[in-house]
Amino acid sequence: FVTFAEEQGLQNALQKDGHKLGGRNISVTIATTHGTCQQEGTHTPAMASEVVDVLGARHSNGVFVDGTFGRGGHSREILKALGPSGRLHGFDVDEDAIRAGKQLEKQDSRFTIHRAPFSQMLKHLGDKVQGVLLDVGISSPQLDGGRGFRPEVEGPVDMRFDASEQSETALQYLVRVSRQELAAALEAFGGERPAHARRIADAVALAKAEDPSLSSMTTSKLAQLASAAKGHREYQQMHPAKMTFQALRVAVNREFAELRDGLEAATEACGLNGAVAVLTWKHAECAVVVDFQATHSLAEKDSMLL
């Protein structure tokens with residue numbers, strides 16, 4: 001979405017509707033208050049009604065967990081559906097998310113926010129829970145929060161979800177890892193083609209040879225470096241450095257390891273009669289969930305034993 005300072009700017013943009021860009025037609029229309037428009041700092045919960053149904057939260061007085069509280073979109077929908085004695089525990093490590101969670105605690109006594117990764121939920125829960133939600137990945141407020149998650153926006157190469165702790169930033173990660181480690185991470189976590197991953201890792205290694213601490217590296221410089229190393233445009237018209245930034249974010253926040261540990265914790269917290277709902281956005285995230293399911297699934301009653 002673009003906000004224009006003057007009416008003439010809007011009219012000039014509308015004239016570009018239907019023009020060609022990189023072999024594709026672009027569409028420019030006037031935004032409305034419907035669809036995906038939302039206030040800055042908010043996040044529209046995906047499949048909220050379906051999540052409530054899968055968890056069995058409607059009119060339930062059981063205990064539930066929102067493992068990825070964010071700005072509380074899913075939590076509010078679950079609370080609306082719960083019975084008067086139902087309970088909901090939210091987990092997050094993002095400082096802004098915790099502030100939003102504290103506000104929701106004041107508004108609804110059935111809700112409790114915990115500043116902890118969802119993989120540690122068992123340390124904060126008492127009895128078994130009826131359902132756990134994990135909406136993995138990154139949220140809109142985090143993308144727009146100035147921590148270097150977007151290659152299009154100038155800022156520090158940070159990319160931590162929990163920026164308050166003394167954990168490794170993406171810049172420190174780039175300085176520390178070897179060329180081989182970085183190439184492997186770009187391929188495994190970002191989905192880069194092996195050749196592209198090697199070129200980007202080579203470019204970072206050359207930059208470190210000139211400046212071992214990468215002291216002048218910013219998101220824009222990193223995006224330029226990755227884009228130049230890839231050398232050509234992708235079929236899909238996305239930023240050439242998008243997958244590099246995704247890989248660094250996943251590596252710095254241990255997202256896949258956290259997801260595996262979180263699935264283990266959620267399964268144990270729910271027991272045999274509980275439900276775990278997982279929303280994934282990337283193929284690599286989905287692969288972690290599918291692998292976990294394959295490892296922990298029981299055979300159907302009519303399945304042949306091999």
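In the block above lies the structure referred to throughout.
Engineer: How would you explain the side chain of Thr-218 if you had to name every residue and give the values?
Structural biologist: Relative to the helices and strands, Thr-218 is located in the loop between helix H8 (194-210) and helix H9 (219-230). Filtering out sequence-adjacent residues up to four positions away, Thr-218 remains in contact with Glu-154, Gly-155 and Val-157.

Engineer: Explain helix H12 (residues 283-296) to me, using residue names and the numbers behind them.
Structural biologist: Over its 14 residues, H12 extends 20 Å from the first C-alpha to the last, a length consistent with the 20 Å expected when each residue adds 1.5 Å. Buried within H12 we find Glu-285, Val-288, Val-289 and Phe-292. Along H12, the residues classed as buried sweep out an arc of 90° about the axis, all on the same side. Exposed side chains of H12 directed beyond 90 degrees from the buried face belong to His-283 and Ala-294. Of the surrounding secondary structure, the elements contacted by the buried residues of H12 are helix H10 (242-253), helix H11 (255-270) and strand S7 (275-279).

Engineer: I'd like to hear about the packing of helix H7 (residues 179-190) against H8, residue by residue, with values.
Structural biologist: Packed helix pairs are characterised by how far apart their axes lie and by the angle those axes make with each other. Relative to each other, H7 and H8 sit at 140°, their axes nearing to 8 Å. Relative to H8, H7 is oriented oblique. The crossing of H7 and H8 is right-handed. In contact with Arg-179, Leu-182, Ala-183, Leu-186 and Glu-187 of H7, H8 contributes Pro-194, Ala-197, Arg-198, Ile-200, Ala-201, Asp-202 and Val-204. A per-class count over the contact of H7 with H8 returns 8 nonpolar, no polar and 4 charged.

Engineer: Outline the pattern of salt bridges, supporting the account with residue identities and numerical values.
Structural biologist: Tallying each qualifying case throughout the model produces 16 salt bridges. With a shortest N-O distance of 3.2 Å, Glu-95 and Arg-99 are connected by a salt bridge. Note that Glu-95 and Arg-99 are positioned in helix H4 (residues 95-107) at a spacing of 4 residues, about one turn of the helix. Of the charged contacts, one joins Glu-152 and Arg-150 as a salt bridge, the two residues approaching to 3.8 Å between their closest N and O atoms.

Engineer: Please set out the packing of aromatic side chains residue by residue, giving values where relevant.
Structural biologist: The final tally for this structure, using the stated rule, is 3 aromatic pairs. Relative to Phe-161, the ring of Phe-149 lies with its centre 5.9 Å away and its plane at 40°, an arrangement referred to as tilted. With Phe-149 in the loop between helix H5 (140-143) and helix H6 (170-176) and Phe-161 in the loop between H5 and H6, this pair connects stretches of sequence that are 12 residues apart. Taking the relative accessible area as the measure of exposure, Phe-161 reaches 14% and is therefore buried.

Engineer: Could you give an account of the environment of Gly-56, naming the residues involved and the relevant values?
Structural biologist: Among the structural elements, Gly-56 can be located in the loop between helix H2 (48-55) and strand S3 (63-66). Separated by 218 residues in the primary sequence, Gly-56 and Gly-274 have C-alpha atoms spaced 9.0 Å apart. With residues up to four places along the chain from it excluded, the contact list for Gly-56 reads Phe-64 and Gln-130.

Engineer: How would you sum up the pairing of strand S4 (residues 87-92)? Please name residues and give values.
Structural biologist: Walk down a regular strand and you will see the side chains alternate between the two sheet faces. For S4, the tally of buried residues reaches 5 of 6 residues, placing the bulk of the element in the interior. Of the pairings in the sheet, the one linking S3 to S4 comprises 4 bridges and is parallel in character. By the bridge assignment for S4, Val-63 is matched with Arg-87. Remark: the S3/helix H3 (residues 73-81)/S4 crossover connection has right-handed handedness. Both S4 and strand S5 (residues 111-115) contribute to a ladder of 5 bridges, which runs parallel.

Engineer: Can you break down the environment of Gly-137 residue by residue, with the values?
Structural biologist: In this structure, Gly-137 sits in the loop between strand S6 (131-135) and H5. You can call Gly-137 partly exposed: its relative accessible area is 26%. Residues Gly-137 and Phe-256, spaced 119 residues apart in sequence, show a C-alpha to C-alpha distance of 9.6 Å. Ignoring any residue separated from it by four or fewer positions in sequence, one finds Gly-137 in contact with Gln-142, Phe-161, Arg-249, Glu-255 and Glu-285.

Cut-offs and rules
- Residues numbered from 1 in each chain as written.
- Predicted model: local features only at pLDDT ≥ 70, side-chain atom pairs only at ≥ 80, totals over all residues.
- Heavy atoms only, no water.
- Helix = DSSP H or I, 4+ residues; strand = E, 2+ residues; numbered from the N terminus.
- Contact = heavy atoms within 4.5 Å.
- Expected span 1.5 Å × (residues − 1).
- Buried < 20%, exposed > 50% of the residue type's maximum accessible area, 1.4 Å probe, protein only.
- Arc of directions from axis to C-beta.
- Axes fitted to C-alpha atoms, helices over the stretch in contact; angles between N-to-C directions.
- Parallel < 35°, antiparallel > 145°, perpendicular 65-115°, else oblique.
- Left-handed = near helix turned anticlockwise from the far one by under 90°.
- Nonpolar A, V, L, I, M, F, W, Y, C, P; charged D, E, K, R; others polar.
- Salt bridge = Lys/Arg side-chain N within 4 Å of Asp/Glu carboxyl O.
- Phe/Tyr/Trp six-rings, centres within 6.5 Å; stacked < 30°, edge-to-face > 60°.
- Pairing = 2+ DSSP bridges.
- Right-handed = clockwise from strand over helix to strand, strands pointing away.

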